[in-house]
Amino acid sequence: VSGEGHPTSGKVKRGKTIKIAFLTQQLAELEDIWEDRVSDVLKRQKSTYVSGGKEMTPTQLLERVGFSSAQMSTRVRELSGGQKRRLQLLLIILDEPNVLILDEPTNDLDTDMLAAIEDLLDSFAGTLLVVSHDRYLIERVTDQQYAVLDGHFRHLPRGVEQYLELR
């Protein structure tokens, strides 16, 4: 789906307007900015972003996911695991993809930050493809759930409950 691999059969067709972003479990996307201060990283982003119908600056978005004004002067390498994860997600969202693939997006987050990230994802205007063990997150931020069962991709109209029954 992300385009990193090739199908073993068939064709993949992707529309010309599709812009895919991929949040991995690793933090490799942050390595180029490791020594930069968070505020400097945000200054290089576009000046505004619309979230939930409201125009916000990158700094306001970062504050929305739990960053304090004091943490804006922190170097990226000095952030906690959860802070790095939130910054990683925010930078991807600021790039304005219309398809967002998330691999375990709630790793390293405490319950307060889980709620903030869920709110941010719930207001995402594009398509979300979420791979997660976090049942609540999946049910909160997605409209449709799918699972790979016995080697087949299967739609689950009744969501996670149906998955639990079938597995």
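Predicted model, so just to flag it, every value in this text is computed and none were measured. Here, residues in each chain are numbered from 1, in the same order as that chain's written sequence. The predicted nature of this model means local features are confined to residues of pLDDT at least 70 and side-chain atom pairs, given and counted, to a pLDDT of 80 or more, with totals for whole chains, interfaces and linings taken over all residues. Side-chain calculation: all heavy atoms of the structure are included, whereas hydrogens and water are not.

This brings us to the overall build of the protein chain. Every helix listed is a DSSP run of H or I at least four residues long, and every strand listed is a run of E at least two residues long, numbered separately from the N terminus. Tallying secondary structure elements over the protein chain gives 6 helices and 7 strands in all. Going residue by residue from the N terminus, the α and β elements of the protein chain occur as β-α-β-β-α-α-β-α-β-α-β-β-α. Here the C-alpha radius of gyration of the protein chain, 17 Å, is about what a compact globule of 167 residues would show, namely 15 Å. Summarising its shape, the C-alpha atoms of the protein chain cover approximately 50 × 35 × 30 Å along the three principal directions. Only protein chains enter the accessibility calculation, which uses a 1.4 Å probe; a residue whose area is less than 20% of its type maximum is buried, one above 50% is exposed, and one in between is partly exposed. Across the 167 residues of the protein chain, 39% fall into the buried class. For this analysis, residues touch if any pair of their heavy atoms sits within 4.5 Å. At a minimum sequence separation of 6, the contacts of the protein chain that also span at least 24 residues come to 57%. Each accessible area value is a Shrake-Rupley result obtained with a 1.4 Å probe; residue values ignore everything except the protein chains displayed when judging cover. Carbon and sulfur atoms make up 46% of the accessible area of the protein chain, which totals about 10,100 Å². In the protein chain, 21 side chains carry a positive charge and 26 a negative one; their mean positions are 5 Å apart. What the globule rule says is 2.2 Å times the number of residues to the power 0.38, and the radius of gyration is computed from C-alpha atoms. Charge assignment in this entry is limited to Lys and Arg as positive and Asp and Glu as negative, and neither His nor the chain termini are counted. Working definition for charges: the position is that of NZ of Lys, CZ of Arg, CG of Asp or CD of Glu.

Once that is clear, we can look at the packing of helix H3 (residues 81-94) against helix H4 (residues 111-122). Lines fitted to C-alpha atoms define the axes here, with helix axes fitted over just the stretch in contact, and angles between the N-to-C directions of these axes take values from 0 to 180 degrees. Across the interface, H3 lies against H4 with an axial gap of 12 Å and an inter-helix angle of 10°. Taken together, H3 and H4 sit at an angle that is classed as roughly parallel. Taken together, the residues of H4 that come into contact with H3 (itself represented by Arg86, Leu89 and Ile93) are Met113, Ile117, Leu120 and Leu121. Only Asp, Glu, Lys and Arg are considered charged, only Ala, Val, Leu, Ile, Met, Phe, Trp, Tyr, Cys and Pro nonpolar, and every remaining residue, Gly among them, polar. Taken together, the residues of the contact of H3 with H4 sort by class into 6 nonpolar, no polar and 1 charged. Angle categories are assigned with fixed cut-offs, so that under 35 degrees is roughly parallel, over 145 is roughly antiparallel, 65 to 115 is roughly perpendicular, and the rest are oblique.

Between side chains of opposite charge, a pair can form as their charged atoms come close. Just to be clear on terms, a salt bridge is a Lys or Arg side-chain nitrogen sitting within 4 Å of an Asp or Glu carboxyl oxygen. Inspection of the entire model under this criterion finds 11 salt bridges. Glu118 is paired through a salt bridge with Arg140; the nearest N and O atoms lie 3.2 Å apart. With Glu118 in helix H4 and Arg140 in helix H5 (residues 135-141), this pair connects stretches of sequence that are 22 residues apart. Since its relative accessible area comes to 4%, Glu118 is described here as buried. In this structure, the salt-bridge partner of Arg135 is Glu139, at a minimum N-O distance of 3.7 Å. Placement of both Arg135 and Glu139 in helix H5 is noted, with a separation of 4 residues, approximately one turn of the helix. A cluster of three or more residues bridged by salt bridges with shared partners is formed by Glu35, Arg77 and Glu78.

So yeah, pure geometry; function would need other evidence.
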